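The primary structure of each chain is shown beneath.
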Protein chains: 2
Amino acid sequence: MNAYQSLCEAASEIALLTSTEAVLGWDQETYMPEKALEHRARQLSYLTGKAHELLTSKKTLKLLERAEATMPEDATQAANVRGLRRDIHRATKLPKKLVEEESEVCALGKAAWVEARAKSDFATFAPHLDKILGIARKKADLFGYEDEPYDALLDLYERNAKTREVAALFEKLKPQLADIAREAAAKSKKVKPGALKGRYPIEKQKILNREIAESLGYDFGAGRIDTTAHPFCTTLGPGDVRLTTRYDESDFLSSLFGVMHEAGHGLYEQGLPGLDYGLPSGSAASLGIHESQSRLWENHVGRSHFFWAKWLPRAAELFPHLRKVKMDAFMKEVKRSEFSFIRVEADEATYDLHILLRFGIERRLVKGELAVKNVPEVWNAEYHELFGMTPPDDAQGCLQDIHWSMGGLGYFATYTLGNLNAAQLFATANKQRKIAAGVEKCDYAPLLQWLRQKVHAHGAALTPQEIMTYATGKPTDAKWHIKHLRERYVD
Amino acid sequence: MNAYQSLCEAASEIALLTSTEAVLGWDQETYMPEKALEHRARQLSYLTGKAHELLTSKKTLKLLERAEATMPEDATQAANVRGLRRDIHRATKLPKKLVEEESEVCALGKAAWVEARAKSDFATFAPHLDKILGIARKKADLFGYEDEPYDALLDLYERNAKTREVAALFEKLKPQLADIAREAAAKSKKVKPGALKGRYPIEKQKILNREIAESLGYDFGAGRIDTTAHPFCTTLGPGDVRLTTRYDESDFLSSLFGVMHEAGHGLYEQGLPGLDYGLPSGSAASLGIHESQSRLWENHVGRSHFFWAKWLPRAAELFPHLRKVKMDAFMKEVKRSEFSFIRVEADEATYDLHILLRFGIERRLVKGELAVKNVPEVWNAEYHELFGMTPPDDAQGCLQDIHWSMGGLGYFATYTLGNLNAAQLFATANKQRKIAAGVEKCDYAPLLQWLRQKVHAHGAALTPQEIMTYATGKPTDAKWHIKHLRERYVD
């Protein structure tokens, strides 16, 4: 075995532990009985500890150094060595004490956030957010950054992204997005609600969701769909990528778009090179690339006229009261848009504005330009500037998201980066006649093949922007997303 | 931390690994997609290896020796030290090469058995059985035994049981069981079949099964019921004991008795001292004790007149065609008995005869008194002696069970020991008026409390026969089982 192979073997061993954690985590969210919680937490923390031990062991470091000394000529192999160096160094740079402190601060922070949100009382959460920010800044210092500490945090979710560039991108987007949101909401106001009113039995929703997920190319031989409080997609190993959704008996679109979104993540994970499982080249490139896949299938495919031309008749077979709903009226419901206080309930036309707000606040918090105690005031003022209304309380304002309480600073931006990438990838793919023709008749094999080749096949062997450039000829550009939103919601 | 506590901590760490294996195993049988199999096998073999490494490490051995040097005065703690010594020494005595050889031989053996059974061709399986026996004998030699090698194998499943004693017990049972089986089958022949014919929708079977499992005391806050090809009960940690069953739309009793059987196992596991999880005192005493719990709830409770006096009306609510079935006719179906070739399809009145046959053949195989090639001939002759008929082929004869192909020699006897223990425990418990009164009106809290105190609470801190003696005043005695069968199937 050469040095590179030995390093890969160590990475595989770590992946056995982390994929086992994924099984335990999936079970915890889906089927685990409540009294199992305490032992499950012990199992998970044991496995996390063992994986961290292995990743930061002297043996692994030596293997890395040997592999670096005889750097492979193959580009993917070289990318794997560099990627593992990044992972190992990142894990090594954090002293055990800080990792433990973070885990404790976030556990308490999450509990305080739950309470604060329930009471809509920011003061309950504020001291915890202060501590969480302190740890985030320490981490940023340890990881290092060029311009500002937020760079180091952003890089955890979106490799090589620069805060300044993202900020400039978002700044340019803001007025255009605000225009679109306003016009979309005004249009929807004219559409009388209730066209889809009726009961949608869960068993029938499951049938439709499965047929549609299959039609996108999601492989049920290597996956499944279960029910959870919050939808997610998780990879338990190569050949095992599972989705979840939740059901509302009065609204079949909610579980369906949930499934299409998670199936988009799932198609990406199923398309990663399985033989490289546990290596950077077998792992997702970034959250912004991941989210591009979920948004592409959910929004560009799932909310399109082409899609429903095929699937509305099928839905009407399962839900007979839909038979009287005309395609035109149905599509108006699919595209219904309105201003809302809650991000996770926001529609496609307004969603990014919620992200822009969070990104700006987070950046200033990390920089120290904004004091924690002033977050509610700034949030409400900036929300008002975007939407012309003020959240009635902090539960519907700055306390609505779980991310900060879990230390997930730097995460939000990737949602909008995902939207931008999705539009750009979808538009580029559709320049090929075969793909566009497939999309028109809901045959997604050509589109999926293109995504597999242009995006999925590289894993994280390329950076997110290298992938965008390889696939579309250009790094992330907002124009496609704006064009798409205008066409769908304004013109 | 004193020496005993340090030893317990090592045992806890091992239990984190083995309980994680249990989660992976449960998932594999219930929900895992097919393409996940290869990676799952890798995860499991990794965890098994790590657990074995820990159990046999120098560090653990040192902790054991330190704990033995300052042997705790507390009886349970002392039993834990002795129990861990047994586990550690057993694991240490097997050289890694033999463990690997066994795992390989059994993997091939199992595949050959599947093929042999499908073709009903013993010759395909014979050379594998030869190898499996060779390994079993090597293991017996390494573990050591007093009288004969089979002792060492039996002890793996039924601690301290002696082959000679079990053989004597079984020999005495044989003519009595044969009598009962004959009379039971003759009686059932007079009962026209088809009284319960009808469709039993699976969703309604699930409702009934859950209500009944709950009524026995099975805690769904620390468990659940799923669907698998073969029913089982598995413990994933303290507070997490899960059951499975399978459904037949034309027969609700099949899934129900399956659930009651597995719930019996589950009640035992839920009743083990959770704080001692991972220690002998927090683990089941033996398979013969385990099976006593499943058989007690399935047969003594579940097939009784008292039970159906309450539950037949409820079943008739869920399955309306049962409304016209009278209690008397229903009970005749519950007690229907007939000679069958297949053990797993055998009823209560004939089951043990299948076990006696296997025990005798196994013992002679291990001793070397019976050559593998002669197994079909001997099986068929002895089967004929017991049941007066001859299996039409080996698939319905000596090839029907998976146990030998997996190296599970010494296992079969525990099924009948379980039946004997069940009858003895149930009869003893019912001497208490409160318990008997509860059983009569299907209130099982007093019975469960008695089992918790007399059986469950000790885990493996007592030997199986110590438990039987503590609970009933005497070691396992066949008379209760014979009495029970006579009352139910003959008188």
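The present account deals with the structure reproduced in this document. Worth saying up front: this structure is predicted, and the values here are computed from it rather than measured. (Residues numbered from 1 in each chain as written. Chains lettered and ligands numbered in written order. Predicted model: local features only at pLDDT ≥ 70, side-chain atom pairs only at ≥ 80, totals over all residues. Heavy atoms only, no water.)

The subject of this paragraph is empty space enclosed by the protein. Inspection of every chain in the model, using the stated rule, returns 5 cavities of 30 Å³ or more. In this structure, the largest cavity spans a volume of roughly 80 Å³. Forming the boundary of the largest cavity are B:Glu102, B:Val105, B:Cys106, B:Ile132, B:Ile135, B:Ala136, B:Lys139, B:Leu153, B:Leu156, B:Gly407 and B:Leu409. A per-element tally of the lining of the largest cavity places helix 6 (residues 122-143) of chain B first, with 4 residues. When its volume is computed, the second largest cavity comes out at roughly 60 Å³. Along its surface, the second largest cavity is lined by A:Glu102, A:Cys106, A:Ile132, A:Ile135, A:Ala136, A:Lys139, A:Leu153, A:Leu156, A:Gly407 and A:Leu409. Taken together, the elements giving at least two residues each to the lining of the second largest cavity come down to helix 5 (96-119), helix 6 (122-143) and helix 7 (149-157) of chain A. Take the lining of the second largest cavity: its biggest share by element is 4 residues, from helix 6 of chain A. Its residues assigned to classes, the lining of the second largest cavity comprises 7 nonpolar, 1 polar and 2 charged. (1 Å grid on protein atoms, 1.4 Å probe; cavity = no way out; pocket = protein on both sides within 12 Å on 5 of 7 lines; lining within 4 Å. Points joined across faces, edges and corners; volume = space filled by probe spheres on them. Helix = DSSP H or I, 4+ residues; strand = E, 2+ residues; numbered from the N terminus. Nonpolar A, V, L, I, M, F, W, Y, C, P; charged D, E, K, R; others polar.)

A word on the environment of B:Pro391. Residue and element names in this part refer to chain B. By the secondary structure assignment, Pro391 is in the loop between helix 15 (375-387) and helix 16 (413-429). We classify Pro391 as buried; its relative accessible area is 6%. When the C-alpha positions of Pro391 and Arg117 are compared, they lie 13 Å apart, and in sequence the two are 274 residues distant. Filtering out sequence-adjacent residues up to four positions away, Pro391 remains in contact with Phe341, Trp379, Asn380, Tyr383, Gln396 and Gly397. (Buried < 20%, exposed > 50% of the residue type's maximum accessible area, 1.4 Å probe, protein only. Contact = heavy atoms within 4.5 Å.)

Looking now at the packing of aromatic side chains. Across all of its chains, the model carries 49 aromatic pairs over all chains by this definition. An angle of 80° between the planes, with centres 5.6 Å apart, marks the rings of B:Tyr150 and B:Phe359 as edge-to-face. Here B:Phe359 lies in helix 14 (residues 351-367) and B:Tyr150 lies in helix 7 (residues 149-157), a separation of 209 residues in the sequence. Taken together, a centroid distance of 6.3 Å and an interplanar angle of 90° make the contact between B:Trp379 and B:Trp404 edge-to-face. With B:Trp379 in helix 15 and B:Trp404 in the loop between helix 15 and helix 16, this pair connects stretches of sequence that are 25 residues apart. Per residue, the accessibility class of B:Trp379 equals that of B:Trp404, and both read buried. Three or more aromatic residues joined by ring pairs make a cluster, and in this case those are A:Tyr200, A:Phe252, A:Phe257, A:Phe307, A:Trp308, A:Trp311, A:Phe319 and A:Phe330. Lying over the aromatic face of B:Phe257, B:Arg303 brings its terminal NZ or CZ to 3.9 Å of the ring centre. Above the ring of B:Tyr470, the side-chain terminus of B:Lys454 is found at 5.2 Å from the ring centroid. (Phe/Tyr/Trp six-rings, centres within 6.5 Å; stacked < 30°, edge-to-face > 60°. Lys NZ or Arg CZ within 6 Å of the ring centre and 35° of its normal.)

Turning next to the interface of chain B and chain A. With 36 residues of chain B at the interface, the matching set in chain A holds 36 residues. Among the residues of chain B in contact with chain A, B:Leu16, B:His39 and B:Tyr46 are the three that bury the most area, contributing 21% of the side total. The tally of links from chain B across to chain A stands at 6 salt bridges. For B:Asp219, the salt bridge is made with A:Lys35, and the minimal N-O distance between the two is 2.5 Å. (Buried area = accessible area lost by both parts, 1.4 Å probe. Salt bridge = Lys/Arg side-chain N within 4 Å of Asp/Glu carboxyl O.)

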